[in-house]
Structure formats: C-alpha cells, structure tokens
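# Working through the structure, step by step
Residue-level listing of the chains:
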Amino acid sequence: MKIFYGAAIQGARIRGEKSKINKELIDFIKINGFEVISEHTTGKNKEETVRLLEKSIGYLPKEESERRRYVRKKMIEAIEGDIEGAIFEVSIPSLGVGIEIAHCYLRPRIGLGEIKILALYENNYWPNDLTSMIQGITKDELPYFRLKKYNSLDQAKEYIHEFLIEI
C-alpha cells in the first residue's frame, strides 16, 4: 500500500532543517508496511534532494522551467494515483505542500477515490502558528482529514501509527 508524504523543503530556514525528522517519519511509515512514493523531503541539501527525487520520478530535465513543470506534474500524478493515504509535515509554511494537500482532498471532485489525509504540525514551531487554511478544515467539511499538533517525534509517530491502522 502506498502513501504520499509531503513536507516543505524550499521554505525551511536551512534546507536540511526538517530533513532528519522527515527521514524518521518516512522510515516509520515504511516499518509499518507501507511504501512511500517519494523520499525527496529527506534530502539535506539541494543535490541530495534532486537525487532522491530522480530515484522516485525519473530523470529531471536540466532546463529549470521545464524541470519545475515536470516535478509538479509528477507530484500531482502521484497524488492522483493509487495511493491509500497522504501524510504531510506542515510545520514550515509551503505553497507547494498546500497545493498537494488540496489535490488530495479534491480527489473526489475529479472522480477519484477519497483518501485519508494526516497533517502533522510541530506545536509552536512557526512564530505565526499554522495557517488558517489548514487549521480551518473541519471534520464536518472533510471527515477524512486529520490535523494533529505534536510536541515530540514520538508523539508524531503515534499519530502516524493511528492513521495507518485506519487505512
């Protein structure tokens, strides 16, 4: 069973800032018997991120605008593909992650099956807290979406474990 994992990489104060946490969370998902579509969010620098991205979606075009279109297309294809659920680490603001989340919860509107979505936020991580666009999602509106604030990596893993059991 496949899981899409998304997290900010460009908006981090230091590119590798959350890569260690992403790696631990992705490894935990895999230990629980799930395949993770791409592990590029574990890259500690741009070169490693590119290598990991190429491993999951194929050779990246050299020309920058073409490469960006290609990566966007491949990430959306993954979200609209045969995944069982999606997990996002949303502590760092990211337009890209926001778009990925929207594609996940809009799947039924384009005729695809509903998937469970888990968004994890490290409590008090960002000075302005988590955006209202994520905090404002209610169970009534999207019953298959869960937002969990965590205080430790172990707590984040507990939330992931509960989520994967539901799938």
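### Notes on the sheet that holds strand β2 (residues 35–36)
Within the open sheet, the five strands sit side by side as β2-β1-β3-β4-β5. Their pairing is parallel. Only two strands of the sheet have a single partner each, and these edge strands are β2 and β5 (145–150). In this sheet, strand β4 (residues 116–122) lies alongside strand β3 (residues 85–89) in parallel orientation, the contact comprising five bridges. In the strand pairing of β4, Glu89 is matched with Leu120. Sitting on the sheet, helix α1 (residues 19–31) touches β1 (2–7), β2, β3, β4 and β5, and the angle it makes with β1 is about 170°. The strands touched by helix α4 (residues 95–105) within the sheet are β1, β3, β4 and β5, with β3 carrying the most contacts at an inclination of about 155°.

### With respect to the packing of helix α3 (residues 64–79) against α4
Close contact between α3 and α4 brings their axes to 9 Å; oriented N to C, the two are set at 35°. In terms of crossing hand, the pair formed by α3 and α4 is right-handed. On α4, the residues touching Met75, Ile76 and Ile79 of α3 are Glu100, His103 and Cys104. Taken together, the residues of the contact of α3 with α4 sort by class into four nonpolar, one polar and one charged.

### A word on the pairing of β3
Burial of β3 is extensive: five of the five residues sit out of reach of the surface. Side-chain alternation along β3 places Gly85, Ile87 and Glu89 on one buried face and Ala86 and Phe88 on a second face that is also buried. Note that β1 and β3 share five bridges and pair parallel. Residue pairing in the sheet places Ala7 in a bridge with Glu89 of β3. Following the backbone out of β3, through α4 and into the adjacent parallel β4, one traces a crossover that is right-handed.

Cut-off values and rules
- Residues numbered from 1 in each chain as written.
- Predicted model: local features only at pLDDT ≥ 70, side-chain atom pairs only at ≥ 80, totals over all residues.
- Heavy atoms only, no water.
- Pairing = 2+ DSSP bridges.
- Helix = DSSP H or I, 4+ residues; strand = E, 2+ residues; numbered from the N terminus.
- Contact = heavy atoms within 4.5 Å.
- Axes fitted to C-alpha atoms, helices over the stretch in contact; angles between N-to-C directions.
- Left-handed = near helix turned anticlockwise from the far one by under 90°.
- Nonpolar A, V, L, I, M, F, W, Y, C, P; charged D, E, K, R; others polar.
- Buried < 20%, exposed > 50% of the residue type's maximum accessible area, 1.4 Å probe, protein only.
- Right-handed = clockwise from strand over helix to strand, strands pointing away.

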